[in-house]
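Fold and geometry: a report
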Amino acid sequence: MRAELFRGIAPRRRMPDHNAALRPVLAWHGARRHAAALALHAACILSGLAAALPANAAPGMLTEGSAGGSALPGPVTVTRLGAPELDRIGLYPAQRAGLDAGLWGATSRDVLVRLIAHDHSESLPALRDLFTEMLLAELDPPREDGEGTRLFLARVDALLMLGDLAGAQALIDAAQRDDPEFSMRRFDIALLSGTEDLACQRMRERPGAGAGYAARVFCLARSGEWDTAALTLESAEALDLVSGAELDLLHRFLEIEHEDAPPSPPKPRHPTPLEFTMFEAIGEPYRTAGLPLIYAHADLRPIIGWKARLEAAERLARAGAISPERLWDIYGERSPAASGGLWDRVGAVQKLEAALREADADAVGQALPTAWRAMQAAGLELPLARQHGAALARLPLEGAAARIALEAGLLSGARTRIAGQAIPQDRQDAFLIALARGVPQSAEPQSLQARAIAEGFETAAPPPRLAGLLREGRSGEALLLALDLLDEGEAGNYEALRDGIALLLQMGLRTVAIETGLQLLLLERRG
């Protein structure tokens, strides 16, 4: 694993503990911190990172009498000239997502930060997609006075919670900021997406874009500058810039013999992306299944085995963090090597894929029920519907396959066309088709859940609990609260479901309301 992580880098010889020889000299006349600062400054010059040192880290300033006796830099903000206004930054116009650019309106940044921090990774896909669009769209800043980074960074962190590494990366890049809280997130994303070489290059080219001393040591080793990495670490240790478990891990990572280091550093339950990467490099990798969703991206790298890549791809596709196309590409990489569980699912999907390529209705009719059940069991029927729903609707299927094709079609992007041509076979079909056409009140609901959805469509005014926010120009706040209501509605609170649907319609998000209703009725959700 280490050889794969550091491909093209010559093996590193085991290094002695240079600090052991330096300690008597550095301790003489209390000059240890001053000498360490000189060494750190020299290491930064060697690595092309001297400009990253703050003014108070210049060798002549790092004396025992300096402020607080510390060489730690103070807060630094690095903004390019002409950089865009932070809270206005987005990847596309709000109108493209069906949103008003003035969505945040009179709501305070503090309230928005608190609501954006709510976890929607387990929400219905339609609601998760809407939330993502709210995070990525170009919206006017809140009307309150004040700036700061907290709202922008809350958006980035929410995207990371959803597993959307690409969206978070694009948003950070658009900000054109190199201060630490941006650089650290950029570096974390690079580690998990396998682009750490680019992140390290950026740190070299833009010294102000540093993500901490541990990241600097990592990048020096990554580029083969082992001696400079070791010197940087030893100097940072002497200045108490790294310590404890992080220091032990960095010693193991650089293969430095250290008399105080444990045989194997303890693995944190909640590792940072850098800790995750370094433990992998020393041959003690984490299983990503027990870590937050964003770590699953690390298992999509080509160096990872197919089974782990399949498991990670399914987890990410289930959460909407990768496209169905990406999942299908990984499904199709090779033939299943065994049977049972995951392998049976892969085989069923491949069999359906082959039948669809041939447009063989009989073969599709045989393969579809098995593939649909297998995907349902894994919570993956929506990716299947989005991948093949339109194609299934064009085939003359019968029986169970025809029923599945209708449901898949209504969950797909071809919903409007399919609903316009569909002939209901029973009352349940009639309500689903009416809902897909946007008029569920024209059919009789067959459950309390369906009734609540229909009542939401029939409501002419915004729900009382949210109406005041709309009147006060706080529509974005109302929409974020509606997402919470709809989460409650999925859990069985039908009054919350009705009000959430009604608020979506009041804000012109009819398509989202329709998709939410269909997904509630058709997806087999499992906790």
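What you are looking at is a predicted structure, and each value in this text was computed from that prediction instead of being measured. (Residues numbered from 1 in each chain as written. Predicted model: local features only at pLDDT ≥ 70, side-chain atom pairs only at ≥ 80, totals over all residues. Heavy atoms only, no water.)

1. Remarks on the overall build of the chain
If you tally the helices and strands in the chain, you get 26 helices and 2 strands. Looking at the chain as a whole, 52% of its 527 residues qualify as buried. Pairs at least 24 apart in sequence give 66% of the contacts found in the chain among residues at least 6 apart. For the chain, the computed accessible surface area is about 23400 Å², with 53% contributed by carbon and sulfur atoms. (Helix = DSSP H or I, 4+ residues; strand = E, 2+ residues; numbered from the N terminus. Buried < 20%, exposed > 50% of the residue type's maximum accessible area, 1.4 Å probe, protein only. Contact = heavy atoms within 4.5 Å. Areas by Shrake-Rupley, 256 points an atom, 1.4 Å probe, with all protein chains shown as cover.)

2. Some thoughts on the side chain of Arg109
Within the secondary structure, Arg109 sits in helix 4 (residues 109–116). Under the relative-accessibility criterion, Arg109 is labelled buried at 3%. A polar side-chain atom of Arg109 sits 2.8 Å from a polar atom in the side chain of Asp87. For Arg109, the residues in contact, after removing those within four places along its chain, are Asp87, Pro141, Pro142, Glu144, Asp145, Gly146, Glu147, Arg150 and Leu151. (Polar contact = N/O pair within 3.5 Å; in protein donor to acceptor, adjacent residues only side chain to side chain.)

3. Describing the pattern of salt bridges
Evaluated as defined, the whole model comprises 29 salt bridges. The partner of Asp157 in a salt bridge is Arg185, and the shortest N-O contact between them spans 2.8 Å. Taken together, the residues Asp157 in helix 6 (residues 150–161) and Arg185 in helix 8 (residues 180–193) connect sequence positions 28 residues apart. The partner of Arg202 in a salt bridge is Asp178, with the nearest N and O atoms 2.8 Å apart. You can see Arg202 sitting in helix 9 (residues 196–205) and its partner Asp178 sitting in the loop between helix 7 (165–175) and helix 8, a full 24 residues away along the chain. A relative accessible area of 7% places Asp178 in the buried class. Beyond isolated ion pairs, a larger network of salt bridges with shared partners links Asp173, Asp178, Arg186, Arg202 and Arg206. (Salt bridge = Lys/Arg side-chain N within 4 Å of Asp/Glu carboxyl O.)

4. Some remarks on the packing of aromatic side chains
Enumeration according to the criterion identifies 8 aromatic pairs in this entry. Ring geometry for Phe218 against Phe253: centres 5.6 Å apart, planes inclined by 20 degrees, an arrangement best described as stacked. Linking Phe218 in helix 10 (residues 213–222) with Phe253 in helix 12 (residues 244–254), this pair joins segments that are 35 residues apart in sequence. Since its relative accessible area comes to 0%, Phe253 is described here as buried. Chaining the aromatic ring pairs together yields one cluster made of Phe276, Phe279, Tyr286 and Tyr295. Positioned above the aromatic ring of Tyr92 is the side chain of Arg96, whose terminal nitrogen or guanidinium carbon lies 4.0 Å from the ring centre. The ring of Tyr286 carries the charged tip of Lys267 above its face, separated from the ring centre by 4.3 Å. (Phe/Tyr/Trp six-rings, centres within 6.5 Å; stacked < 30°, edge-to-face > 60°. Lys NZ or Arg CZ within 6 Å of the ring centre and 35° of its normal.)

5. Points about a negative patch on the surface
Side chains of Glu358, Asp360, Asp362 and Glu398 sit close together on the surface and give a patch of like negative charge. Tracing the sequence through the fold places Glu398 in the loop between helix 18 (381–393) and helix 19 (399–410). With relative accessibility at 69%, the residue Glu398 sits in the exposed group. (Patch = residues over 30% accessible without salt bridge, like charges linked within 9 Å, V, L, I, M, F, W, Y side chains within 5 Å. Lys, Arg positive; Asp, Glu negative; His and termini not counted. Charge placed at Lys NZ, Arg CZ, Asp CG, Glu CD.)

6. Some details on unusual backbone geometry
Although it is not a glycine, Gln176 sits at a positive phi angle of roughly 55 degrees. Note on placement: Gln176 falls in the loop between helix 7 and helix 8. Its relative accessible area of 28% is what places Gln176 among the partly exposed residues. Phi at Asp240 is positive, roughly 60 degrees, even though this residue is not glycine.

7. Quick notes on the state of the cysteines
This model, assessed by the stated rule, comprises 1 disulfide. Here Cys200 is linked by a disulfide to Cys219, with a sulfur-sulfur distance of 2.0 Å. The disulfide joining Cys200 to Cys219 has a torsion of about -75 degrees about its S-S bond and is therefore left-handed. In this pair, Cys200 sits in helix 9 while Cys219 sits in helix 10, placing the two residues 19 residues apart along the sequence. Of the residues examined, Cys219 reaches a relative accessible area of 9% and is grouped as buried. (Disulfide = S-S within 2.5 Å.)

8. Here's the deal with the packing of helix 10 against helix 12
A pair of packed helices is captured by two measures, namely the crossing angle of their axes and the spacing between those axes. The contact between helix 10 and helix 12 brings their axes to 11 Å, and the two run at 5 degrees. Classified by the angle between their axes, helix 10 and helix 12 sit roughly parallel to one another. The residues of helix 12 that touch helix 10, namely those facing Ala214, Val217, Phe218 and Ala221, are Glu246, Leu250, Phe253 and Leu254. Of the residues in the contact of helix 10 with helix 12, the class split is 7 nonpolar, no polar and 1 charged. (Axes fitted to C-alpha atoms, helices over the stretch in contact; angles between N-to-C directions. Parallel < 35°, antiparallel > 145°, perpendicular 65-115°, else oblique. Nonpolar A, V, L, I, M, F, W, Y, C, P; charged D, E, K, R; others polar.)

9. Some details on helix 6
Taking 1.5 Å as the rise per residue, helix 6 with 12 residues should run 16 Å; its terminal C-alpha atoms sit 16 Å apart, in good agreement. Here helix 6 has its buried residues at Leu151, Phe152, Leu153, Ala154, Arg155, Val156, Ala158, Leu159 and Leu160. Here the buried face of helix 6 lies against helix 4, helix 5 (125–136), strand 2 (137–138), helix 7 and helix 8. Downstream of helix 6 by a residue or two, Gly163 has a phi angle that is positive, lying close to 85 degrees. (Expected span 1.5 Å × (residues − 1).)

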